[in-house]
Amino acid sequence: MSSREDEALALAAVDALTGQLALAPKPGLPDPRDLGARATSPGRDHCSLRWSAKALAPGLAAMAAAARRTGEPSPQLRAELGAIGRCTEHSVGLAGGGHRGALWTLGLLVAAAALDPGARSEDVATTAKKIAAHRDKRAPRRPSRGSSVSAKYGAAGARGEARAGFPHVRRALDALTRSRRAGADEAEARLDALLTVMSTLQDTELLYTAGPFGLRHVQAGARGVLEAGGTTTDAGREALLALDADLHTRAWSPRGSAGLLAGALFVDALPVTTGPLPA
């Protein structure tokens, strides 16, 4: 794999993230309906999230290069990915912030794809699991908000999701396939995949802001949309809009599900072929 292929993987990951951001309506999440009008967290509206997503590209390309250079899912690679990730978080913060969960997911999946350029979804998730199994000894020892919530409620969290081989990325991929085969257009299939993740994910962001009751409320709402037929039916669409209005009123945002959908969209685009790269 060359540096050009590393860049292609990084750009595919950024495309997956911006593709997730472009979907609407996303329950409790920023989307194009409210450009600049509704901030999901201080100073982070939909427009700034799209802009800052592009700041992930150099870090993700560096992660792919590290994986290519290391050649195996080793402790050394895990440590390199952690160091690159922390630098990338800083760059993204300067560009407007956001995407921490997506960076964790996409970074591991990009590195896994770089280790095995011809791999498909299950192989990529399995390789990412092997990378995540190693401890990053250079990581800051102070607990993060996500790890504190995971410890308090027994939720898997982002690290648990990766160490389990990204089961919700796999669920989203299965949902994409089902919806496409059933005749859904691409936006509908992606929204159904997001709802599938939301229906079962123990989202630590939701646990932090809304507690166990709020998490169960969101999961039940997502299941209700799917049980009504999903986003391709009138009943499902009505349920989706009701859930969206409800979550925005409560200021509950299932950001963990959004990051995992971005991971699924990246894996869905594999294998990535190199083409003309932007100047």
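Structure first, text after, so check above.
For the structure given in this document, a descriptive report is provided here.

Conventions used here
- Residues numbered from 1 in each chain as written.
- Predicted model: local features only at pLDDT ≥ 70, side-chain atom pairs only at ≥ 80, totals over all residues.
- Heavy atoms only, no water.
- Helix = DSSP H or I, 4+ residues; strand = E, 2+ residues; numbered from the N terminus.
- Buried < 20%, exposed > 50% of the residue type's maximum accessible area, 1.4 Å probe, protein only.
- Axes fitted to C-alpha atoms, helices over the stretch in contact; angles between N-to-C directions.
- Parallel < 35°, antiparallel > 145°, perpendicular 65-115°, else oblique.
- Left-handed = near helix turned anticlockwise from the far one by under 90°.
- Contact = heavy atoms within 4.5 Å.
- Nonpolar A, V, L, I, M, F, W, Y, C, P; charged D, E, K, R; others polar.
- Expected span 1.5 Å × (residues − 1).
- Polar contact = N/O pair within 3.5 Å; in protein donor to acceptor, adjacent residues only side chain to side chain.
- Phe/Tyr/Trp six-rings, centres within 6.5 Å; stacked < 30°, edge-to-face > 60°.
- Lys NZ or Arg CZ within 6 Å of the ring centre and 35° of its normal.
- Salt bridge = Lys/Arg side-chain N within 4 Å of Asp/Glu carboxyl O.
- Bend = angle between axes of the 7 residues up to and from the residue.

Below, the discussion takes up the side chain of T196. Relative to the helices and strands, T196 is located in helix α10 (residues 186–198). Note on T196: relative accessible area 5%, which makes it buried.

As a packed pair, α10 and helix α11 (residues 204–227) sit with axes 8 Å apart at the nearest point and diverge in direction by 140°. In terms of orientation, α10 and α11 fall into the oblique class. Our pair here, α10 against α11, has a crossing hand that is left-handed. The segment α10 lies against α11, with D192, L195, T196 and M198 engaging V218, Q219, A222, V225 and L226. Class assignment for the residues of the contact of α10 with α11 results in six nonpolar, two polar and one charged.

This brings us to α10. Taking 1.5 Å per residue, 13 residues should reach 18 Å; α10 reaches 18 Å between its end C-alpha atoms and fits that length. Taken residue by residue, α10 has E188, A189, L191, D192, A193, L194, L195, T196, V197 and M198 as its buried positions. Looking at the buried residues of α10, the elements they touch are α9 (167–181), α11, α12 (234–250) and α13 (255–268). For α10, the N-terminal capping position is held by D185, with its side-chain oxygen 3.2 Å away from the main-chain nitrogen of A187.

Turning our eyes to something else, we now look at the packing of aromatic side chains. One pass over the full model with this rule turns up zero aromatic pairs. The side chain of R159 reaches across the aromatic face of W104, ending 5.5 Å from its centre.

It is worth spelling out the pattern of salt bridges at this point. For the coordinates displayed, the defined rule picks out eleven salt bridges. Close ionic contact of E89 with R100 constitutes a salt bridge, the shortest N to O distance being 3.4 Å. Here E89 is found in helix α4 (residues 75–94), whereas its partner R100 is found in helix α5 (residues 100–115), with eleven residues between them in sequence. E186 serves as the salt-bridge partner of R190, at 2.9 Å between the closest nitrogen and oxygen. One end of the pair, R190, and the other, E186, are both in helix α10, four residues apart, so they sit about a helical turn from each other. R190 sits in the partly exposed class, given a relative accessible area of 23%.

Another aspect to go through is the packing of α9 against α10. Interhelical geometry of α9 versus α10 gives an angle of 145° and a closest axis separation of 8 Å. Crossing geometry of α9 relative to α10 is assigned as right-handed. From α9, H168, R171, A172, A175, L176, R178, S179 and R180 reach across to α10, where they touch E186, A189, R190, D192, A193, T196 and V197. Split by residue class, the contact of α9 with α10 holds six nonpolar, three polar and six charged.

For α11, spanning 24 residues, the distance from its first C-alpha to its last is only 24 Å, which falls clearly below the expected 34 Å at 1.5 Å a residue. Along α11, the sharpest change in direction is near 120° and occurs at A210; proline P212 comes one to four residues later. Buried-residue contacts for α11 involve α7 (145–153), α8 (157–163), α10, α12 and α13. N-capping of α11 is provided by D203, with a side-chain oxygen placed 2.9 Å from the backbone N of E205.

Looking now at unusual backbone geometry. Residue P25 is bonded to the preceding A24 through a cis peptide linkage, with omega at -5°. Even without being glycine, F166 reaches a positive phi, approximately 55°. Checked against the element boundaries, F166 lands in the loop between α8 and α9. Judged by relative accessible area, F166 falls into the buried class, the value being 0%. With a phi angle near 60°, A251 is a residue other than glycine that sits in the positive phi range. On the secondary structure map, A251 appears in the loop between α12 and α13. A251 sits in the exposed class, given a relative accessible area of 61%.

Tracing the sequence through the fold places R255 in helix α13. Measuring from C-alpha to C-alpha, the distance between R255 and H99 comes to 8.9 Å, with 156 residues separating the pair along the chain. A distance of 2.7 Å separates the side chain of R255 from the side chain of E205, its partner in a polar contact.

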